[in-house]
Amino acid sequence: MESSSSANPATPLGPTPAPEQLESIKAQLDLVLLALESLVGLGSEAMLEAAAHLGLQTWMGDRVTLWRLRQASPLRKGQGRKKLDVDEARGLVLVSVHLAQQHQGKIRAAVTKLETTTAKQQPPHRVALLGDYLDAFNNFYEERMTPDDLPSPDILRDLALKLLVDLLFYSQAGGTRKLWLALLERSR
């Protein structure tokens, strides 16, 4: 796990994003959490436990607050109810990385299966763990995201697989900084 000094969202993980970058960061963080949910079956309770463990109850103390943070994503149905500030974004980064570290074994197993299927030129959805992950990701995405922006099945599959590989990097030492810098880079 990261050092305890990173447990405070006010502790900079890296550069502070410009206000216009927060829209993209909200969407990206929600997708990272969606990938984690899809792979390991965790829900809001696990996210709240991680927030409590990290001392983030101020930002994520109950299901309603967490739901509002997740609904801040511009990709979500009914989005826009809550604006995400920088400290909340940093808190979601810490929670995401903490959960990825807790489930690193399953993430690693899924990425290994993905590498094997890719090397054999087999479709990933035919491998049990990957197929379950892709099905859950697709179902969650279709349930929660606005139908106006639903990508094609191939694009959605590619997004899910990219997020799976990204989770492996975030589950390792220095994951919070890796995720934060990736969010900043992708939001430009």
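Residues numbered from 1 in each chain as written. Predicted model: local features only at pLDDT ≥ 70, side-chain atom pairs only at ≥ 80, totals over all residues. Heavy atoms only, no water.

Participant: Would you mind going over helix α1 (residues 22-40) with me for this structure?
Facilitator: Spanning 19 residues, α1 covers 27 Å between terminal C-alpha atoms, matching the ideal 27 Å at 1.5 Å per step. Within α1, 17 of the 19 residues are buried, which leaves it mostly tucked inside the rest of the structure. (Helix = DSSP H or I, 4+ residues; strand = E, 2+ residues; numbered from the N terminus. Expected span 1.5 Å × (residues − 1). Buried < 20%, exposed > 50% of the residue type's maximum accessible area, 1.4 Å probe, protein only.)

Participant: Even after reading the chapter, I still don't get the packing of helix α7 (residues 153-170) against helix α8 (residues 175-186), so can you show me in this structure?
Facilitator: Helices that pack against each other are described as a pair by the angle of their axes relative to one another and the distance between those axes. Here α7 crosses α8 at 140°, and the two axes come no closer than 8 Å. Between α7 and α8, the interaxial angle falls into the category oblique. On the side of α7, the interface is formed by K162, D166, F169 and Y170, while α8 contributes G175, K178, L179, A182 and R186. (Axes fitted to C-alpha atoms, helices over the stretch in contact; angles between N-to-C directions. Parallel < 35°, antiparallel > 145°, perpendicular 65-115°, else oblique. Contact = heavy atoms within 4.5 Å.)

Participant: Looking at this structure, how should I read the pattern of salt bridges?
Facilitator: Side chains carrying opposite charge are able to pair once their charged atoms draw close together. By the definition in use, this model includes 11 salt bridges. The partner of R76 in a salt bridge is D30, with the nearest N and O atoms 2.7 Å apart. Highlighted residues: R76 in the loop between α3 (63-71) and α4 (86-102) and D30 in helix α1, separated in sequence by 46 residues. The exposure class assigned to D30 is buried, which follows from its relative accessible area of 2%. D166 is the partner of K162 in a salt bridge, and the nearest nitrogen-oxygen pair spans 2.8 Å. (Salt bridge = Lys/Arg side-chain N within 4 Å of Asp/Glu carboxyl O.)

Participant: Is there a simple way to think about the side chain of Q28 in this case?
Facilitator: Of note, Q28 is situated in helix α1. Within the structure, the side chain of Q28 is placed 2.7 Å from the side chain of S24, a separation counted as a polar contact. The contacts of Q28, once residues within four sequence positions are left out, are A182, L183, R186 and S187. (Polar contact = N/O pair within 3.5 Å; in protein donor to acceptor, adjacent residues only side chain to side chain.)

Participant: Is there a simple way to think about the environment of H53 in this case?
Facilitator: Residue placement: H53 occurs in helix α2 (residues 44-53). Here H53 falls in the exposed class, since its relative accessible area comes to 52%. Separated by 45 residues in sequence, H53 and H98 place their C-alpha atoms 9.4 Å apart.

Participant: I'm lost on the packing of aromatic side chains in this one. Help?
Facilitator: Here a ring pair, both rings aromatic, is described through the centre-centre distance and the interplanar angle of the planes. Applying the stated criterion across every chain, the model contains two aromatic pairs. Following the ring pairs from residue to residue traces out a cluster consisting of Y133, F137 and Y141. Looking at R144, its charged tip hangs above the ring of F140, at a distance of 4.4 Å from the centre. (Phe/Tyr/Trp six-rings, centres within 6.5 Å; stacked < 30°, edge-to-face > 60°. Lys NZ or Arg CZ within 6 Å of the ring centre and 35° of its normal.)

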